[in-house]
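Structural features, examined
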Amino acid sequence: MEFSLVERTPLSIDIDKGVSNLSDREAMGLPSYYESSTIDKEVQEWYGELIDYTPEKLAVIAENEDVEFSKRYAAGNLLNIKGDPRILATEPKMIDIPAWDGMLGLKETDIDTVVSEYEALGILRNWIEKESPQYKVSIESFRIGKYPVTNKEFLEFLVDTKYEEIPNSWKFGQYPHWLSNHPVYTVSEQAAIDYCNWLSEKTGRTFRLPTEAEWEYAAAGKEELEFPWGETFKSD
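Residues numbered from 1 in each chain as written. Predicted model: local features only at pLDDT ≥ 70, side-chain atom pairs only at ≥ 80, totals over all residues. Heavy atoms only, no water.

Side note on helix α2 (residues 40-50)
Owing to its 3.6 residues per turn, the α-helix aligns residues three or four sequence positions apart on the same side. Applicable threshold: Only protein chains enter the area calculation, which uses a 1.4 Å probe; residues under 20% of their type maximum are buried, those over 50% are exposed, and those in between are partly exposed. A run of H or I in DSSP counts as a helix once it spans at least four residues, and a run of E counts as a strand once it spans at least two, with each numbered from the N terminus. It is the directions from the helix axis to the C-beta atoms whose arc is reported. It only takes one pair of heavy atoms within 4.5 Å for two residues to be counted as in contact.
The complete set of buried residues in α2 reads Val43, Trp46 and Leu50. Buried residues of α2 fall within an arc of 60° about the axis and therefore sit on the same side. Every exposed residue of α2 that faces more than 90 degrees away from the buried side is listed here: Lys41, Gln44, Glu45 and Gly48. Check the buried side of α2 and you find it contacts α3 (55-62) and α4 (69-82).

A look at the pairing of strand β4 (residues 142-145)
To keep it simple, the criterion reads: Paired strands, as defined in this entry, are two strands with at least two bridges between them according to DSSP.
Only one face of β4 is covered, namely the face carrying Phe142 and Ile144; the face carrying Arg143 and Gly145 is uncovered. Here strand β1 (residues 94-97) runs beside β4; their pairing, made up of four bridges, is antiparallel. Counterpart to Asp96 in the pairing with β4 is Arg143.

What to know about the packing of helix α7 (residues 151-161) against helix α8 (residues 189-203)
Our working definition: The convention used is that axes are lines fitted to C-alpha atoms, helices contributing only their stretch in contact, and that angles between N-to-C directions extend from 0 to 180 degrees. Angle categories: roughly parallel below 35 degrees, roughly antiparallel above 145, roughly perpendicular from 65 to 115, and oblique for all the rest. Here the term charged refers only to Asp, Glu, Lys and Arg, the term nonpolar to Ala, Val, Leu, Ile, Met, Phe, Trp, Tyr, Cys and Pro, and the term polar to all other amino acids, Gly among them.
α8 packs onto α7 with a crossing angle of 75° between their chain directions and a minimal axis gap of 11 Å. Judged by the inter-axis angle, α7 sits roughly perpendicular to α8. Contacts between α7 and α8 involve Glu153, Phe154, Glu156, Phe157, Asp160 and Thr161 on the former and, on the latter, Ala191, Asp194, Tyr195, Trp198 and Lys202. Taken together, the residues that form the contact of α7 with α8 break down as five nonpolar, one polar and five charged.

Examining the environment of Asn80
Structurally, Asn80 is set in helix α4. Judged by its relative accessible area of 6%, Asn80 is buried. Each C-alpha atom of the pair Asn80 and Trp215 lies 27 Å from the other, and the pair is 135 residues apart in sequence. Excluding residues that lie within four positions of it along the chain, Asn80 makes contacts with His177, Trp178, Leu179, Ser180, Asn181 and His182.

Brief notes about the packing of α2 against α4
Packed helix pairs are specified by the crossing angle of their axes together with the interaxial distance, meaning the distance between the axes. Quick reminder of the rule: If you view the pair so one helix is near and one far, a crossing is left-handed when the near helix is turned anticlockwise from the far one by less than a right angle, and right-handed when it is turned clockwise.
At a minimum axis separation of 9 Å, α2 and α4 run at an interaxial angle of 60°. The orientation of α2 with respect to α4, classified from their angle, is oblique. For the crossing formed where α2 meets α4, the hand is right-handed. For the pair α2 and α4, the contacting residues are Glu42, Val43, Trp46, Tyr47, Glu49 and Leu50 in the first and Ser70, Lys71, Tyr73, Ala74, Ala75, Asn77 and Leu78 in the second. Of the residues assigned to the contact of α2 with α4, the class counts are eight nonpolar, two polar and three charged.

Laid out in C-alpha cells, this is it:
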C-alpha cells in the first residue's frame, strides 16, 4: 500500500553502509525516534465512520484514487479483519499484458542520474550498474496477477498442503490475520514455485512466476516509465 508522510529533507546517513545495512527507518529517510505521520489521527477517525461498511463498499473506497488517502488506508485495513472480497486464492484477478518488442534495462548514460537521485536511501552504485546496458527483448503476451499474492492466499496453500515453510515475517510462525490482504513476503523462491504448482493443480490452469523481463515490462509498460503511474514519485 502507498501512504503519505510528512515531507522532510532526506537525512544524512552513511552511504557506504548500503541499504541492506540500514534500519528500516534509515532506509525511509526517517529519524530513529518516532515522528507522527499526517494520517495517524485521520485514520483513527475514519475507522469510526467506516466500521459498519460492507467489505464490498470498503474495497471500492480502497481502490478509488479520487478518495483521500487516509480514508482509503483505513478502508484497506478494515478489510484485513472483515475479509477482502478481492482476495480469492483459486480465482486470482489477472491482467492481460500484450506482446511487445522493445528495450529493457538502464542506459549507461543514466547511471549517474539514478545513483544521485537515490543516494540518500543507501543505494549502491554497483546495484544500479547491474541494470545496464539496455538489451532488446521480444515478449509474448501473458497474464499477470492484478495484486501480489497475499498472506491470506499463502495461508490457504499452507493449510491445504501442510507445507512446512512458514514465512518468517509471520511473528512466532502465526498467521497475521490483521495483515491478511498484505503481500506475503520472506518466502523462498522454491516456496513461491510450489505455490504456483499448487494453484495450477487446484484450478486446472497454468501458473508460474513471471520472468525478470516480464516483471519489468509489466511495471514500466511500453512507455518504459520510471514508476507504474509515471516518471515522478508520488508519496500518496
